[in-house]
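A look at the structure
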Amino acid sequence: MKVPYLDLKAQYQTISSEINGEVKRVLESGAFILSPELESLETEFASFSGCEHAVGVSSGTSALHLAILAAGIKPGDEVLTVSMTFVATVAAIEYARAIPRFVDINPLYQTIDTEKIGSAITKKTKAIIPVHLHGQSCDMAPLLALAEQHGLTVIEDAAQAHAASYHGKTLGTLGRLGCFSFYPGKNLGAYGEGGMVLCANKEDADQIKLLRNWGSSRRYHHEQRGFNYRLDAIQSAILRVKLRHLEAWTQRRREIASLYTQSLRGVPLTLPSELPNSRHVYHIYAVRVKSREQVAQMLLERGIQSNSHYPIPVHLQEGYRDLGYQTGDFPESEKMANETLSLPIYPEMTNEQVLFVSEQLKEIVSKLS
Ligand SMILES: Cc1ncc(COP(=O)(O)O)c(C=O)c1O
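Below or above, wherever it landed, is the structure these notes cover. (Residues numbered from 1 in each chain as written. Predicted model: local features only at pLDDT ≥ 70, side-chain atom pairs only at ≥ 80, totals over all residues. Heavy atoms only, no water.)

Strand order across the open sheet formed by seven strands is E1-E9-E8-E5-E4-E2-E3, with mixed pairing between neighbours. The sheet is open, and its two edges are formed by strand E1 (53–57) and strand E3 (99–103), each paired on a single side. Looking at each pair of strands side by side, their axes are set apart by 25 degrees on average, direction ignored. Alignment of E1 against strand E9 (residues 195–199), held across five bridges, turns out to be antiparallel. (Pairing = 2+ DSSP bridges. Helix = DSSP H or I, 4+ residues; strand = E, 2+ residues; numbered from the N terminus. Axes fitted to C-alpha atoms, helices over the stretch in contact; angles between N-to-C directions.)

So this is what it looks like as structure tokens:
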């Protein structure tokens, strides 16, 4: 049996007639940029999330960049986030010429350790970007309380966490701004690039709308310096179709995760822990194993693709050496980077495939221990 890490073709097959019809409709409309299609997606995504304002942009990275700018973060301001994230979180802070400062992760939930935030706050700290890694909520109550106490803006990186929640509230609506990616492999993925910002207030939404379109609300008049960060009509139409399936896909991801958890219980590896009172949407189902590279190679030899999110934390990436960090600075993030192994997960995966992966992993781990 072959098990790919992800199978986007399998998903397309289940929705191809809906998608093809919608793409054809957009092609025939001749409206491709900042179209009514985008406005409809924004309205539907906002309502799905229980938020008033949603602004479509060209990627999760541009969502973060514009959210940081709209929040009034200035060059030289410090922004707290984790090093155990996709590099885009940190890149977006630097695009705004702000300074990323890292906080280590909680080893159990693998998201920002709220007990370590306080000591990272300086006079220059202006914002916190909690990353809902793998589709699991950060522990938002203590984080929001600290932010309030220190006057910091909270911008959620919910790029991996569509339809996830914390105490019943959809992620991306707990802070002032919430950023999503529609990269194809995401739980809600475009057939190209895309992103979205959820905004708690209209002023931020208006500012992001201006900035995504060259700082212009009237053609060839530029009230501000902006960007070409627009989300196109074809992607918007595709995302509208997929949004209607997101809840069912999310439930299937959660089913697959619980099947993995049941069938891997007792195996000497660490399974993911769910934060209480939150809904993990399992963008990634990751276990922790010693000799990760060897286990991944042995899985591959048995026809199973796996992955690692992420093998190197940002503070140890070669391109970020000038931030001045070294090994040992964020020990929990570094430990996770060495041990984390992402197993195949996508809604179209069959139970037989999940059980096959579990059996093979079980055998490999017992052979190695
Ligand atoms: C946590 C996180 N933040 C930001 C991004 C950036 O999103 P994009 O690739 O759409 O720019 C991603 C995904 O790629 C991500 O996983």
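Here the focus is the pairing of E3. As defined by bridge partners, strand E2 (residues 78–82) adjoins E3 across five bridges and the pair is classed as parallel. When the bridges of E3 are listed, Val79 appears paired with Pro100. This β-α-β element, E2 to helix H4 (residues 87–95) to E3, shows right-handed connectivity. (Right-handed = clockwise from strand over helix to strand, strands pointing away.)

This part takes up the site of the ligand. Residues in contact with the ligand amount to 16 residues; listed here are only the nearest, Gly60, Thr61, Asp157, Ser181 and Lys186. At 2.8 Å, a side-chain N or O of Asp157 approaches a nitrogen atom of the ligand. Protein chains bury 93% of the 390 Å² of accessible surface belonging to the ligand in isolation. Every element with two or more residues in the shell around the ligand is listed here: helix H3 (60–70) and H4. The biggest single contributor to the shell around the ligand is H3, with three residues. Among the residues forming the shell around the ligand, the class breakdown is six nonpolar, eight polar and two charged. (Near = heavy atom within 4 Å. Polar contact = N/O pair within 3.5 Å; in protein donor to acceptor, adjacent residues only side chain to side chain. Areas by Shrake-Rupley, 256 points an atom, 1.4 Å probe, with all protein chains shown as cover. Nonpolar A, V, L, I, M, F, W, Y, C, P; charged D, E, K, R; others polar.)

Working definition: the strands of a sheet are paired by backbone hydrogen bonds and lie parallel or antiparallel to each other. The strand order E7-E6-E10 describes an open sheet built from three strands, whose pairing is antiparallel. Looking at the sheet topology across the chains shown, the edges are occupied by strand E7 (169–170) and strand E10 (278–279). Looking at chain direction, strand E6 (residues 165–166) and E10 are connected through two bridges and run antiparallel. Following the sheet pairing, Tyr166 is matched in E10 by Ser278.

A word on the pairing of strand E4 (residues 125–128). In the sheet, E2 pairs with E4 via three bridges, with the strands oriented parallel. When the bridges of E4 are listed, Glu78 appears paired with Thr125. In this structure, E4 lies alongside strand E5 (residues 153–157), joined through two bridges in parallel fashion. The partner of Ile128 across the bridge, within E5, is Val154. For the segment spanning E4, helix H5 (residues 140–150) and E5, crossover handedness is right-handed.

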